[in-house]
Structures are given as structure tokens and as C-alpha cells.
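Structural features, examined
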Amino acid sequence: MSQPTPILHHFDQSPFSEKIRIIFGFKKLAWSSVRISRIMPRPDLMPMTGGYRRTPTMQIGADIYCDTQIIIRELERRYPTPTLFPAGNAGMPWALGMWADRPFFQNTVNLVFGFIGDKVPRDFIEDREKLRGGKFDVAAMTAALPQMRDQFRANIDWIEAQLGDGRPWLLGEFSLADVSAYMNVWYARQSLATMD
């Protein structure tokens, strides 16, 4: 019996959605796309997720998967080949994913929004403040831009150091580690036309 086609509820600029789109491509999965807005409200999605508002959300049949890590685990469970964890190595890809999703991503967000500065729409700022439960301080991000550039370059240098011997993938074979590291590079590249 064939499985139902995954449906991804996402928006194009979402870096975490890009991770899942890359995984769909790597696993050669057919999938359907439901585009949602970058900011609330999302009246068609919220009842399905029980109020979960982060992006993306994946639907397979009647099952709803919120949170990128849960989505990745479910995709790997349902579609184990090709694997995101070659040679049975799961620890390092998940650990690198935590680095990419937390400190590296926060640095990338600060870089992107510091660079954009006063071009960030007020409704976006208000939406992110509700999501975070605190201030989304674009002025502070702009003031910290030189530091954010240096931190971003340091994160990129770690990736380059690993690839410096000519290997095409961080751990020797394509894995979740590559998807995770790529996410921030993709986000910065697609968000910023130029970076000094």
C-alpha cells in the first residue's frame, strides 16, 4: 500500500522550510506545497496544528508534524533510503544540526535583519515579538552588524575547515549535517543582495 504524499505548509523564505525541501529532493519524494503567510494570522493552518505557529508544518494523510526535527525524524522513518545518517552515524549530524539551528541561526537572523535595518516591515517585527515573547530589536541588530558579520564568517570558516581537504560533504557522505549547515548559508544568500 502506498503512502500518502507529504504536504508541506511553508513559505518560500523560511530557512527551516528549506531544510525540509532539500530533504524531499535528496530522498526524491513527491510532495505537495501549501504556501502560508510569513506572519500571522494563518486561519487555515492553526486549527490543524492546535495553535503551533512555527514554520514549516508537514501533513501526511491525517497526521500533522510540527517542528523541523520531528518532521525530519518522521521522513527518515517513513523513507529510510537514501538515509540522512550514512553508516549509521546519527549523533554528529544531529549535533551539527543543533549548532546550525540555534547559535548559527541566531547569528544569521541578526546579520540579515541588521543588514536590512529600517526596511523590515512593522507588522513583521510585531509578529516576531509575539513569537519570541520579547523585543525583536532591529536597531540593536543594525548596531551589532560588524560583530554579526565576524560571527557569521567564523561559522562559515568552521564549515570551510571541514571541507578544506576537498571532500564534498561535511562527514564524507551527504547527511543531515550538510542540510543543516547549508540552511544558514542559503538564508543569508537569498536574504541579502550584497554583503561587505
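In this text, all values refer to a predicted model and were calculated from it rather than measured experimentally.

1. Some remarks on the overall build of the protein
A count of helical and extended segments in the protein gives eight helices and four strands. Ordering the α and β elements of the protein from the N terminus gives β-α-β-α-β-β-α-α-α-α-α-α. Relative to the globule expectation of 16 Å for 196 residues, the C-alpha radius of gyration of the protein, 18 Å, shows essentially globular dimensions. For the protein, the spread of C-alpha atoms along the three principal axes comes to 55 × 50 × 25 Å. Taking all 196 residues of the protein together, the buried fraction comes to 46%. Restricting the contact set of the protein to residue pairs at least 6 apart, pairs at least 24 apart contribute 70%. For the protein, the computed accessible surface area is about 10200 Å², with 56% contributed by carbon and sulfur atoms.

2. Focus: unusual backbone geometry
Glycine aside, residues mostly have negative phi angles, and peptide bonds mostly take the trans form. The peptide bond linking threonine 55 to proline 56 adopts the cis configuration, its omega dihedral lying at 5°. Tracing the backbone shows proline 56 in the loop between helix 2 (46–49) and strand 3 (57–60). Across the junction of threonine 81 and proline 82, the peptide omega takes the value -5°, indicating a cis bond. Here proline 82 is to be found in the loop between helix 3 (68–78) and helix 4 (91–116). Here lysine 28, not a glycine, exhibits a phi torsion of approximately 55°, which is positive. Examined against the element boundaries, lysine 28 turns out to sit in the loop between helix 1 (15–26) and strand 2 (32–35). Backbone geometry places alanine 87, a non-glycine residue, at a positive phi of 55°.

3. Description of the pattern of salt bridges
All chains considered together, the criterion is met by twelve salt bridges. Residue arginine 78 pairs with glutamate 74 through a salt bridge whose shortest N-O separation is 2.6 Å. Taken together, the positions of arginine 78 and glutamate 74, both in helix 3 and four residues apart, correspond to about one turn of that helix. Neither residue differs from the other here; arginine 78 and glutamate 74 are each classed as buried. Where aspartate 165 meets arginine 167, a salt bridge forms, and the shortest distance between an N and an O atom there is 2.8 Å.

4. Quick word on the nonpolar core
Most often, soluble globular proteins keep nonpolar side chains buried together rather than apart. Grouped together as the largest cluster of nonpolar side chains are 29 residues, with contacts concentrated most on Phe113, Phe136, Ile159 and Tyr187. Elements that contribute at least two residues to this core include exactly helix 4, helix 5 (122–132), helix 6 (138–143), helix 7 (145–163) and helix 8 (176–191). The element that contributes the greatest number of residues to this core is helix 4, accounting for eight residues. Once residues lying within four places of it in the same chain are set aside, the contact partners of tyrosine 187 are Gln13, Pro15, Phe105, Thr108, Val109, Val112 and Phe113. In this structure, Phe24, Tyr65, Ile71 and Phe174 belong to the second largest nonpolar core, which totals 18 residues.

5. As for the side chain of glutamate 76
Inspection of the secondary structure puts glutamate 76 in helix 3. Residue contacts for glutamate 76: discarding those within four places in its chain leaves Lys27, Pro82, Thr83, Leu84 and Phe85.

6. Observations regarding the environment of leucine 163
Along the chain, the position of leucine 163 falls in helix 7. Sequence-distant contacts of leucine 163, defined by excluding residues within four places in its chain, comprise Pro168, Trp169 and Leu170.

7. Concerning helix 3
Of all eleven residues making up helix 3, eight are buried, and the element is well covered by its neighbours. Of all the residues in helix 3, the buried ones are Thr68, Gln69, Ile71, Ile72, Glu74, Leu75, Glu76 and Arg78. Where the residues of helix 3 are buried, they touch helix 1, strand 3, strand 4 (63–66), helix 4 and helix 8. Put simply, aspartate 67 is the residue that caps the front of helix 3, since its side-chain oxygen is 3.0 Å from the backbone nitrogen of glutamine 69.

Reading the values: the criteria
Residues numbered from 1 in each chain as written. Predicted model: local features only at pLDDT ≥ 70, side-chain atom pairs only at ≥ 80, totals over all residues. Heavy atoms only, no water. Helix = DSSP H or I, 4+ residues; strand = E, 2+ residues; numbered from the N terminus. Rg over C-alpha atoms; globule rule 2.2 N^0.38 Å. Buried < 20%, exposed > 50% of the residue type's maximum accessible area, 1.4 Å probe, protein only. Contact = heavy atoms within 4.5 Å. Areas by Shrake-Rupley, 256 points an atom, 1.4 Å probe, with all protein chains shown as cover. Salt bridge = Lys/Arg side-chain N within 4 Å of Asp/Glu carboxyl O. Core = buried A, V, L, I, M, F, W, Y, C linked by side-chain atoms within 4.5 Å. Polar contact = N/O pair within 3.5 Å; in protein donor to acceptor, adjacent residues only side chain to side chain.

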